[in-house]
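Architecture at a glance
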Amino acid sequence: MPKVLVVYYSKTGHTAMMAEAIAAGAREVKGIEVIVKRCEETSNADLLNADAIVLGSPTYFRLPAWPVKKLIDESIDVYGKLRGKLGGVFTSTATRSDGEICLKGLRDMLEEHGIRVVGEGVLAIRTPNKKALESCKEYGRRIAEEVLKTSSIKC
Ligand SMILES: Cc1cc2nc3c(=O)[nH]c(=O)nc-3n(C[C@H](O)[C@H](O)[C@H](O)COP(=O)(O)O)c2cc1C
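Calculation criteria
Residues numbered from 1 in each chain as written. Predicted model: local features only at pLDDT ≥ 70, side-chain atom pairs only at ≥ 80, totals over all residues. Helix = DSSP H or I, 4+ residues; strand = E, 2+ residues; numbered from the N terminus. Buried ≥ 20, exposed ≤ 12 C-beta atoms within 10 Å, placed from the backbone. Pairing = 2+ DSSP bridges.

Okay, the environment of Trp 66 next. Turning to its location among the elements, Trp 66 is positioned in helix H3 (residues 66–74). For the pair Trp 66 and Val 122, spaced 56 residues apart in sequence, the C-alpha separation works out to 20 Å.

See the structure below:
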């Protein structure tokens, strides 16, 4: 079964809420396995096993937080092997402008691996409100649907 991995860092819980909402949206699509992991617990094997990698971080100094960067830096060992997977990005931030820079940072990391990021990603200001959580769900659904489409093309 195709797998969507939602991998994130969160200190005060906002990005974690987004991760769970993205996973809930992806789970609405039948025939997809959805795994949610903190990036500190995520290995290169987890990245390799996933058909889609949805990466989330709080915005720290306009960029992704260091545990996310550490995961990606260590993924150099599988460089070239993640090519062709789908991806997604999300951030919780205090300000929209800084969050947009962080989203770009997350996207750049995935794209450097040859991962195709679906859409623009999701940005929420601090504690995600109902509307932001709905956007997360919708994003998760969209990624899962794309994964299904891509995997049926491969078959
Ligand atoms: C070390 C640190 C740096 C931060 N830097 C920024 C920043 O540059 N721009 C911004 O808008 N918010 C910044 N914030 C606010 C966080 O992005 C925001 O509180 C976010 O909701 C935290 O997510 P979390 O609950 O998942 O940890 C910073 C917070 C911390 C703790």
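Resuming the write-up.
Although it is not a glycine, Phe 61 sits at a positive phi angle of roughly 50°. Inspection of the secondary structure assignment puts Phe 61 in the loop between strand E3 (52–60) and strand E4 (63–64). With 10 C-beta atoms counted inside 10 Å, the residue Phe 61 sits in the exposed group. A positive phi is found at Arg 62, a non-glycine position, where the angle reads about 70°. Among the structural elements, Arg 62 can be located in the loop between E3 and E4.

Before going further, it helps to examine the pairing of strand E5 (residues 86–93). Counting buried residues in E5 gives eight out of eight residues, a clear majority hidden from the surface. Note: E3 against E5, seven bridges, orientation parallel. Of the residues in E5, the one forming a bridge with Gly 56 is Phe 90. Bridge count for E5 against strand E6 (residues 116–117) is two bridges, and the pairing is parallel. The partner of Gly 87 across the bridge, within E6, is Val 117. Pairing between E5 and strand E7 (residues 122–125): four bridges, direction parallel.

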